[in-house]
Every structure is written in structure tokens, then in C-alpha cells.
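Spelled out from the first residue to the last, the chains are:
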Protein chains: 2
Amino acid sequence: MKHVKSAKCIRCGREHAAVPGVTTCESCGGILDIIYDYDWIKTQVTKEALSDRIEHSMWRYHEFLPVEGTGNFPQLRVGWSPFYEEPRLAAFLGVDTMYIKDDGINPTASLKDRASAMAVAKAAEAGVSTIACSSTGNAASSLAGNAAAAGFETYIFVPERAPRGKVSQLMMFGAHVISVQGTYEDTFRLSAEAIDHWGWYNRNAAINPYLMEGKKTVSFEIAEQLGWKMTDYVAVSVGDGCTISGVWKGLKDLYAAGFIDKLPRLISVQAEGCCPINRAIAEDREWYPMEENTLADSIAVGVPRNPDKALRAIRESNGIVVNVSDQEILEAMRILGNQCGVFAEPAGATGTAGVKKAVERQLIPKGASVVSIVTGNGLKDTTNAIKAAGEPLSLKPDMELLLRAFEQ
Amino acid sequence: MKHVKSAKCIRCGREHAAVPGVTTCESCGGILDIIYDYDWIKTQVTKEALSDRIEHSMWRYHEFLPVEGTGNFPQLRVGWSPFYEEPRLAAFLGVDTMYIKDDGINPTASLKDRASAMAVAKAAEAGVSTIACSSTGNAASSLAGNAAAAGFETYIFVPERAPRGKVSQLMMFGAHVISVQGTYEDTFRLSAEAIDHWGWYNRNAAINPYLMEGKKTVSFEIAEQLGWKMTDYVAVSVGDGCTISGVWKGLKDLYAAGFIDKLPRLISVQAEGCCPINRAIAEDREWYPMEENTLADSIAVGVPRNPDKALRAIRESNGIVVNVSDQEILEAMRILGNQCGVFAEPAGATGTAGVKKAVERQLIPKGASVVSIVTGNGLKDTTNAIKAAGEPLSLKPDMELLLRAFEQ
């Protein structure tokens, strides 16, 4: 691949060949970053050329991705999710301009589809037909779906607290699902042992440096959907740390290639009950493990797998960290539903909850422009949706009863 | 609107002015059809012009829709859902070519978003700020979401059997939800009384002739995604009868405008436990009510609201009727998930179940090309998804246990 230079350790700087099966640094075990030749990329694609493309998916940006050519991308249509300007939400939150990027509109209903589509592409390059991962749910369902469509077998390890909606997706996509009676950490460890033992392709985020390269396409789309004029801030919920790292990588790619002339500041939003990454930033020290006390299961990660890249992304962007309560997350779900017609899962609404809190605490100015990324669809977790929204009025089919109920 | 001639009764032929609030025939109460001037439309849009359009939503085809101009369409991005060629599925089903149109990938996760977006557009034209409907679920959630994004108030009547996933969507979108302790028929009746009483805009399918005009855009997309070369058959699940009527209207529009040169035959698929429309075709007589015995709640309609147009569509297309059991529906859900990475709700998989049965019964030939429309997302009904897919393997985080479990 002419446009990919290497896979470089973010800890010790050692460079590795960017082969499909590359995982972590051979020297120090650090996480790898895919390094591109932006000068070469600039000779291959321009903003104008992009606007003429028929392809409306993440593969629209293939020159910026660690793949060869334009041919055999996985079949499911991942990416090019809706992007909405939301003046009523902006007024409600007290910012000047507010945009929602709804990544719940993806084949398996979360942003993780971007990473999983990339995993399938790289597994195909590696000549491996079985892919495995551990996940709180979305990485898993996205892998299962994208792999099924491409004819790959999957082994998926989920913690037992994963919502049934997500588990039902896995089962339906024909994955071999192992529900682990333990924490996410226990689940991750068992999956790592099993992957070692059977030699499956590893789709565990952080371990596999290509996944973030898939995720970064959300930033490419945001930039193009904004006409390449970036907002002041981009807000995103943070669990493992891979999504915010991907968002940042995409922005830096575009900046390095001259497609955007300003880098927004990141707003890293975690749940109060599980915020090891934000705590490390706030206390300006190393991160350390934390309990997983939040109903936002997708970001309930007490031992993040990608803290280094996430912390780097927040710091490089001169970012802001905000922690929100479960009540604030449920409120953000209602706001997104009521005002935008966007149904987010708890982790999907967490970024927006963070914007509200950041404005209230005057961490961001009133005149700011903000993109908030909705990372997953509310249909994945209807139990919490009902908790947020309440129960309907229930009555017998009788107009008199209805009139009486409305009077009250 | 220069391209819309009238709203014509399909029973007595009386023509009405196509005003935004038009409902059923003033003379006989029959259902109305929107009549277009195809000669005029042909002067406004060509296949070539369409292929250059940036708009990737149902409004891409606005010249064929009962709306004025290109400006203020509702905000949610409805339509331009994924379209997949599925060679493995074709081989499995025993047809030559098989396509899946995945309309579960829509803002509120069903094809009904197309009708609801149209309802919002027409309510805005009518100057009404409150919209109401009754629904087994998808019409309701799509109305609630599309209306919320556009700033409209909604009153929604659902039968108490509606799955909680669908109800949670409504509540989240800020709809006033009335859960009716009765059948769909009871629910519909109460909503009609309330709409009369309060003067809300009526989004009840069949009653409102514009909704089908939204739904027909699924056929426009299928045709364009096929390069305007239609397949031999289009399969779709049937409940109320509005969707299959919309599919047929879209195909006839394209044929009348010379965009396609062949009309496919429809495959009308109903659940064995609730198939009044297919029964009327099979017995070549009037339809009559039926019990609602199927787990596919979205098509569990014993008293269809749009039987006339549905029956006409099936007959005009020289269509095929197939009824499938709940077990066959669950099997089709598994097949779509395993082989296509498409997660369908029961009614969404019913069309594909019908294709399988039509091949087995030699109702369609082996060399056929078929499009099957997935009308709704499986995340809307995870209870039945789990029923179809089974439970995962559950164990403690211990490699020895895993090895032992896999050996068995």
C-alpha cells in the first residue's frame, strides 16, 4: 500500500510493517498507530473529487484507509450516516450551532460497524476465515453482522450484563456467542486466551490498530457534511477509548492532508460512575481502574483497553472532559428523541448530555458550534429507553374514557 | 401542483381536488388514488438527471411525489436504504438472482418512515400542527420520530400487544401514547373518533391517500439501484395492504413515465394465522375478517384497512400469494441474519419466507430474479429474535471450561 508507511508504537516509537495481522508493539507491547503518506494521498484525492463520488459509505474515503484499491470491500453498507443541523436543540442547550451525527443509523445500529467492516476487510487480506472479539455489545453485534454478510465465521465473548437486544443480534447473525459470567475485564481476558489458542483474527479494539482506522471515517463524513468547515467542538462518549481516538485520528488525517484548516476541540464525555479516562485528565495523572457503575453499558469500561490513545487525543485537541450522571444520560435520550427524532441508546446520548453540562458549567462558550456524535441506536436497549421515557396511558377502547383521561 | 391531477376514488371513480387534507371519497367512502400527469413529469426529470442528484433520500424523486418544489422536506433522512445482491441467499433459496432491500435501515427502523415523512410534509401544507394515527407499531414510531424532528405534536393509539421496543420509541419521541386494551380494530376505531373530535391531521394509512405515495419511493429506489432493469418478482409482507399497494404504485409510476420497461409480478406474503387478503385472492372472492394469530405483529391485521388497493395491486401484477407459518418466519429471520447480515423483525422477514415457500411449491421458476423487501428492523422485537436464534453459551471466565464446552 503506497499510502501506508508503517504501524508505529505510540509508546516507544518502534515502527512495524503494516501487515494485515499486526497487533501490538513487539518491543514494549504498546498500541500501534497506522502512519500514512499524506503527500501521496494528496496526489490521489481532492475534496472536489470526493464530492462527485457515487459511493455513499465509509469506503468513499478509501485513499485514507489502510486498504488497497476500491474493489472488494465488505458488503454491508456502513457509514454515510445522517447528519442534522439542530437549531431547536442548540437553543435548548445554549450553544450557537448544534449538529447531530446519527451513527445509530448503520447496518447493526452503531458506530462500531465502521471498525468491524474494517476488521472484515483486513481478515480477508490476512486470509483468515474466523474472527473473534470480546465486547460489551456493539463491537460484537457489528462484527457478527459484517462478518455474516461477508461469509466469515465469528466467535464472540460478551459479559453477561449485555442487553438482550444486542445478544439477539449476535445469535441472529449466526455468531458463536460465549456469555461470560463476569466483568468486561474477565470477558476480554478469556477472549484473548481463546484467540491465542485457536489463531482467530483478532477484532479486539486497541489490540488491532486497523479498527480505529475504520472508526475515523465518522470524522471524514462530519467534515464533508459540514462542507469542510469544522465546528469548534466535537462531543463523543468514551468507554474503551477507541472511538474518541478514531474521531481524533480522522480529524488529524484531514488536517494533515489540507482538507480542513482547523482542528476542533474534543469533548470527552464519560459516565460519573465509570470515568477512568476523564479522571486521569482531570487529575493530570496516570489512569487507574474504576468500578463500572452506569446504565450506559456500552461505555461501562472500568479498565479501558485504549487509554493511551484516548488520553493523547483529548490532550492534543486541548479537549474538555465532562462526566454525567445516569439521570443526565436518560434526560439526553429524551431531548434527542423529542427535539431531533433521534433515538439513542444511553451511551449514544451521553455525548449530548455532556454538551449540556459543559454549557451549564461554562466549560464551553455560548457562541460555540458543536457536533455531538450519537454512537448507537436506542432500540438496542429498550429497557433503559422505557426507564427514560415512561409508560404510555393505557385504557379500554372507549371515547368517554379517553376524554376523561385527557381532562385529568 | 402541476404534476398532480386529482385524488380519484378507486371504487366509484369520482375525482376530488388533491388538497392536503383529502381523505376518502365524498360519494362512496372509497379509498382515493393520487393521479399524476406523467407527460408533464417526463418533461421535468429523466433517469440520467436522477443519477446526478446529491439528495440520497426518498425526496430524490420529488417530481413523482404529491409535494411542491424541493425545499422544505421533513428533516429526518428517510429512504435510500441499502440494496444488496445476495448470491448465497439465491443459491440457498433456489432462485437465479436474489436482492434484499433493507428498509429496516431508516431513521425509526422501518419502511413506514416513508409514509410518515409524507404525512409530516402534508400536515405542514395543511397548516396543522398535530398529527394522529393508530398503528400496530411501526407507523406509530415512524410518525412520532418524523413529527418530533419537524416540531409537530402527535397522538398515537397502539394496541396493547405492541412490542415494548416500539412503544419505547414513541415515548422517547415525545408522543402522547394511548395503549388500547383491545385489538387493532378497536384501536383504529378509537383513534378515528378522537381524530374527528379534536381535528388532528390523520395519518391513518388507507384513509390518507398520500401515505402510499411516500411508500412507493421504495420501488423508485429498487428500480434505480437495479439500474432500471426490474427483476421478475418483488416479494413483500402484507398486513394492512398499504405497503404492497405503495410498492405497486411506484412500479406503475415508473412504467407510465417510461423509466422501466417491465413490471414485475408481486409476491404477496402473509402469515398463515392472519391472511385475509391472500385468502381473498386464493378463493377469488371478497375478503372477510380473520383472527390475528401470528407473532409477526406488524402484519397481524385481521381487518385490513386497505384491502381494495392491495387486492387490485396483486391482481394487476398477475401476482402470487403465499402464506407462511410463524416457524417459517423465524427461519427466514435466521437466514437473513446468517447469510446477509440483515436483522429483520418477523414481518420484515416474512417476504423472504414467502420466496422460499414459493420456490418450494414451484410457484416461481428456478431461473427467477427476485427482490425481497425487509420492511422493519429486528431490534424492534428482540423477544422474537431470541425465540428465532436461541440463547448463547453461558460460562464462567475460565479457559478450561471453554475448551470443555467446545469439545461437547
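Everything below is about the structure shown above.
As the structure is a computational prediction, the values presented were derived from the model and not from experiment. (Residues numbered from 1 in each chain as written. Chains lettered and ligands numbered in written order. Predicted model: local features only at pLDDT ≥ 70, side-chain atom pairs only at ≥ 80, totals over all residues. Heavy atoms only, no water.)

**Section: the sheet that holds strand β14 (residues 393–395) of chain A**
Condition: Two strands are said to pair when DSSP picks up at least two bridges between them. Each helix is a run of H or I in the DSSP string that is no shorter than four residues. Each strand is a run of E no shorter than two, and both are numbered from the N terminus. Contacts are assigned to residue pairs with any non-hydrogen atoms lying within 4.5 Å of each other. In this analysis an axis means a line fitted to C-alpha atoms, helices contributing only their contacting stretch, and an angle means the value between N-to-C directions, from 0 to 180 degrees.
Taken together, five strands build an open sheet; the order of strands is β14(A)-β8(B)-β7(B)-β6(B)-β9(B) and the sheet is parallel. The open sheet has two edge strands, β14 of chain A together with β9 (201–202) of chain B, and neither has a second partner. Here strand β6 (residues 130–134) of chain B runs beside strand β7 (residues 153–159) of chain B; their pairing, made up of five bridges, is parallel. Bridge pairing in β7(B) places Thr130(B) opposite Glu153(B). Strand contacts of helix α7 (residues 184–198) of chain B: β14 of chain A together with β6, β7, β8 (176–180) and β9 of chain B, with the helix running at about 155 degrees to β7(B), the strand carrying the most contacts.

**With respect to the packing of helix α13 (residues 326–340) of chain A against helix α15 (residues 382–389) of chain A**
All names here are of chain A. Put simply, the rule is: By definition in this entry, angles of less than 35 degrees are roughly parallel, angles greater than 145 are roughly antiparallel, angles of 65 to 115 are roughly perpendicular, and the rest are oblique.
For the pair α13 and α15, the least separation of the axes is 9 Å and the interaxial angle reads 85 degrees. With respect to α15, the axis of α13 lies roughly perpendicular. Touching Leu330, Met333 and Arg334 of α13 are Asn384, Ala385, Lys387 and Ala388, all from α15.

**Details of the packing of helix α7 (residues 184–198) of chain A against helix α16 (residues 399–407) of chain B**
Convention followed: For any pair of crossing helices, the crossing counts as left-handed if the nearer helix is rotated counterclockwise from the farther one by less than a right angle, and right-handed if it is rotated clockwise. In this count, Pro and Cys sit with the nonpolar residues alongside Ala, Val, Leu, Ile, Met, Phe, Trp and Tyr, while Asp, Glu, Lys and Arg are called charged and the others, Gly among them, polar.
The geometry of α7(A) relative to α16(B) is characterised by a closest axis approach of 10 Å and an angle of 55 degrees between their N-to-C directions. Compared by their axis directions, α7(A) and α16(B) come out oblique. Read as a crossing pair, α7(A) and α16(B) show a hand that is right-handed. Along the contact surface, α7(A) presents Leu190(A), Glu193(A), Ala194(A), His197(A) and Trp198(A), while α16(B) presents Met399(B), Leu402(B), Leu403(B) and Phe406(B). A per-class count over the contact of α7(A) with α16(B) returns seven nonpolar, one polar and one charged.

**Here's the deal with the sheet that holds strand β3 (residues 32–36) of chain A**
Residue and element names in this part refer to chain A. Overall, antiparallel pairing links the three strands, which are arranged β2-β1-β3 in an open sheet. What marks the edges here is a single partner per strand, and that holds for β2 (15–16) and β3. As paired elements, strand β1 (residues 4–9) and β3 share five bridges and run antiparallel to each other. Along β3, the bridge assignment pairs Cys9 with Leu32.

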